[in-house]
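Structural features, examined
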Amino acid sequence: MTERVFNFSPGPAMLPEAVLREAQRDLLALPSYGMSILEVSHRGKAFTEILAATEANLRKLLDVPAGYQVLFLQGGSRLQFSMVPMNLLGDLAGPQRTADYVLTGSWGKYAVAEAKREGTVNIAYDATATNYDRLPQPGEVKLNPAAAYVHYTSNETIQGVQFPDDPQFGPAPLVCDASSDFLWRPIDISRYGLLYACAQKNAGPAGVTVVIVRDELLTRSPDRLPGMLNYRNFATEKSLYNTPPVFGIYIVKLVTDWLLGTIGGLAKMQELNRAKAGLLYDVLDRSNGFYRGHAQPASRSMMNVTFRLPSDELQEKFLAGAKALKLVELKGHRSVGGIRASIYNAMPREGVETLARFMEEFAKRS
Ligand code: PMP
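Residues numbered from 1 in each chain as written. Predicted model: local features only at pLDDT ≥ 70, side-chain atom pairs only at ≥ 80, totals over all residues. Heavy atoms only, no water.

1. Focus on the sheet that holds strand E4 (residues 120-126)
- Taking strand neighbours across the sheet as the criterion, the 7 strands line up as E2-E10-E9-E8-E5-E3-E4 in an open arrangement whose pairing is mixed. One side of each edge strand has no neighbouring strand; the edge strands of this open sheet are strand E2 (68-73) and E4. Each adjacent strand pair in this sheet contributes to an overall mean axis angle of 20°, direction not counted.
- As judged from the 6 bridges shared by E2 and strand E10 (residues 209-214), these two strands associate in the antiparallel manner. Bridge pairing links valine 70 to isoleucine 212 in E10.
- Helix-sheet contacts for helix H2 (residues 45-62) involve E2 and E10, and the interaxial angle to E2 is about 130°.
- Lying on the sheet, helix H3 (residues 76-88) is in contact with E2, strand E3 (98-103), strand E8 (174-177), strand E9 (194-198) and E10; it crosses E9 at an angle near 160°. (Pairing = 2+ DSSP bridges. Helix = DSSP H or I, 4+ residues; strand = E, 2+ residues; numbered from the N terminus. Axes fitted to C-alpha atoms, helices over the stretch in contact; angles between N-to-C directions. Contact = heavy atoms within 4.5 Å.)

2. Comments concerning the environment of glutamine 296
- Secondary-structure assignment places glutamine 296 in the loop between strand E11 (292-293) and strand E12 (304-308).
- A sequence separation of 26 residues divides glutamine 296 from glutamine 270, and the C-alpha atoms of the two residues are 21 Å apart.
- Discounting residues that sit within four places of it in the chain, glutamine 296 has contacts with Asp133 and Arg134.

3. So, helix H9 (residues 349-365)
- With 17 residues, H9 extends 24 Å between its outermost C-alpha atoms, agreeing within 8% with the 24 Å of an ideal straight helix rising 1.5 Å per residue.
- Residues of H9 that are buried: Gly351, Val352, Thr354, Leu355, Ala356, Phe358, Met359 and Phe362.
- Residues of H9 that are buried make contact with strand E1 (6-7), helix H7 (266-285), E12, helix H8 (312-324), strand E13 (327-328) and strand E14 (339-342). (Expected span 1.5 Å × (residues − 1). Buried < 20%, exposed > 50% of the residue type's maximum accessible area, 1.4 Å probe, protein only.)

4. A look at the packing of aromatic side chains
- This model, assessed by the stated rule, comprises 17 aromatic pairs.
- Seen from their ring centres, phenylalanine 81 and tryptophan 107 are 6.4 Å apart, and the 50° between their planes marks the pair as tilted. Of the two residues, phenylalanine 81 is situated in helix H3 and tryptophan 107 in helix H4 (residues 106-118); the sequence distance between them amounts to 26 residues.
- A cation over an aromatic ring shows up here: arginine 78 above the ring of tyrosine 110, its NZ or CZ 4.6 Å from the ring centre. (Phe/Tyr/Trp six-rings, centres within 6.5 Å; stacked < 30°, edge-to-face > 60°. Lys NZ or Arg CZ within 6 Å of the ring centre and 35° of its normal.)

5. Some details on the pattern of salt bridges
- All chains considered together, the criterion is met by 17 salt bridges.
- Here glutamate 271 and lysine 268 are joined by a salt bridge, their closest N and O atoms 3.4 Å apart. Taken together, the residues glutamate 271 and lysine 268, both in helix H7 and 3 residues apart, mark about one turn of the helix.
- For lysine 268, a relative accessible area of 34% translates into the label partly exposed. (Salt bridge = Lys/Arg side-chain N within 4 Å of Asp/Glu carboxyl O.)

6. Examining a nonpolar patch on the surface
- A grouping of Leu27, Leu38 and Phe247 is seen on the molecular surface, where their side chains present a nonpolar patch of about 260 Å² in accessible area.
- Locating phenylalanine 247 in the fold gives a position in helix H6 (residues 246-263). (Patch = residues over 30% accessible without salt bridge, like charges linked within 9 Å, V, L, I, M, F, W, Y side chains within 5 Å. Areas by Shrake-Rupley, 256 points an atom, 1.4 Å probe, with all protein chains shown as cover.)

7. As for the site of the ligand
- Taken together, 14 residues lie near the ligand, and Arg78, Thr157, Asp177, Gln200 and Lys201 sit nearest.
- Within the side chain of glutamine 200, an N or O atom sits 3.0 Å from an oxygen atom of the ligand.
- Alone, the ligand offers 400 Å² of accessible surface; in the complex the protein occludes 85% of this.
- Among the elements that line the shell around the ligand, the one with the most residues is H3, at 4 residues.
- By residue class, the composition of the shell around the ligand is 3 nonpolar, 8 polar and 3 charged. (Near = heavy atom within 4 Å. Polar contact = N/O pair within 3.5 Å; in protein donor to acceptor, adjacent residues only side chain to side chain. Nonpolar A, V, L, I, M, F, W, Y, C, P; charged D, E, K, R; others polar.)

8. Quick word on the pairing of E10
- Burial analysis of E10 places 6 of its 6 residues in the buried class, the great majority of the element.
- Neither face of E10 is left uncovered, since the one carrying Thr209, Val211 and Val213 and the one carrying Val210, Ile212 and Arg214 both have all their residues buried.

9. Things to note about the sheet that holds E14
- Reading across the sheet, the 3 strands line up as E11-E12-E14 and stay open at both edges, with antiparallel pairing between neighbours. Single-partner strands in this sheet number two, and they are E11 and E14.
- Sheet analysis places E12 next to E14, joined by 4 bridges and oriented antiparallel. Bridge pairing links valine 305 to alanine 341 in E14.

10. A few points about the domain arrangement of the protein
- Taken domain by domain, the protein holds domain 1 (20-262) and domain 2 (265-365).
- Centre-to-centre separation of domain 1 and domain 2, based on C-alpha positions: 27 Å.
- Residue-level contacts link 28 residues of domain 1 with 25 residues of domain 2.
- Overall, the association of domain 1 and domain 2 removes approximately 2200 Å² of surface from exposure, summing both partners, and the carbon and sulfur fraction of that is 54%.
- A per-residue breakdown of the area domain 1 buries against domain 2 is headed by Asp133, Ile158 and Trp184, which together make up 27% of the total.
- In this assembly, domain 1 and domain 2 are joined by 15 residue pairs in polar contact (both at pLDDT 80 or more).
- Taken together, the elements giving at least two residues each to the side of domain 1 that touches domain 2 come down to H2, strand E6 (155-156), strand E7 (161-162) and H6.
- In terms of residue count, the dominant contributor to the side of domain 1 that touches domain 2 is H6 (3 residues). (Domains from an automatic or database assignment. Buried area = accessible area lost by both parts, 1.4 Å probe.)

And the structure:
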């Protein structure tokens, strides 16, 4: 039998084993339908039920209030970097055609680059100078009162910098790129105008992106936009404006079933995630500077733990030693270097414990 490893990849990332087993078991034919999920019509009964159940699961897990659409799109989060400004800047012109961006890492920077093609961007906070190692302190975010929305990234996957809760930046609708921490904890959706997340970290496979948007913001979408880039079309057609990513949505259903059933909801998931991250940060903090964390302690991510070793040589040895224990995909992003352990919802505690033990032993013998 093929053996599974502990995969610390930043995404696509581990999925719960129970989800993979269920998908495998039902791949030839969905129970009572006699057809594979890969073969069914997106307008047929089987998928209609799956789509409705996936939306219902997300609404339940996140306690989505009335007045919000839950949409399933394609194009990844990178497409959202464009769709957000295209839709939310609407028909605004001149100095009104502007949005605030809070920059706590590389992905926020990429979002800004796309928003600049659509309008004026005010960088309300920028942690570039210290290679994005911290969140803003109170008073550091300089908002533009005319901004059409304020965008931030709840978890910066590359730097490992995460907002611990839902921030409040000002009166403009809050837009969140939640790609790498979606479903890691309960969130207060009513605080958001729009929240988006590609699925391939915490929610499913690559290919589907969830967008949760307040109804009233949909009136901003200009008719001149290409149909596929207009949120209103996906809201009106209940995510069936074109053929949606059927298999991806099906896996999101299985993952959200797992979160609701096996895990018992997002409060419980958060507890488990905090405990897992705590194991690694404890080793880091007790290593007398052998491991140096990238993010400042108050800005640390519970999803992506980023740190460096004293030399490149030791880092290579570390990666090789980890691999021998079936701990893989630990190399950090080239822009930060070092090690990055991505420990999303589906990473079992056992994987994190094994890594924490290995880190301790490695520091001792080096
Ligand atoms: N935002 C964040 C925070 C991400 O981590 C990623 C993917 N690593 C993206 C955006 C881009 O997502 P995609 O590749 O699905 O376009």
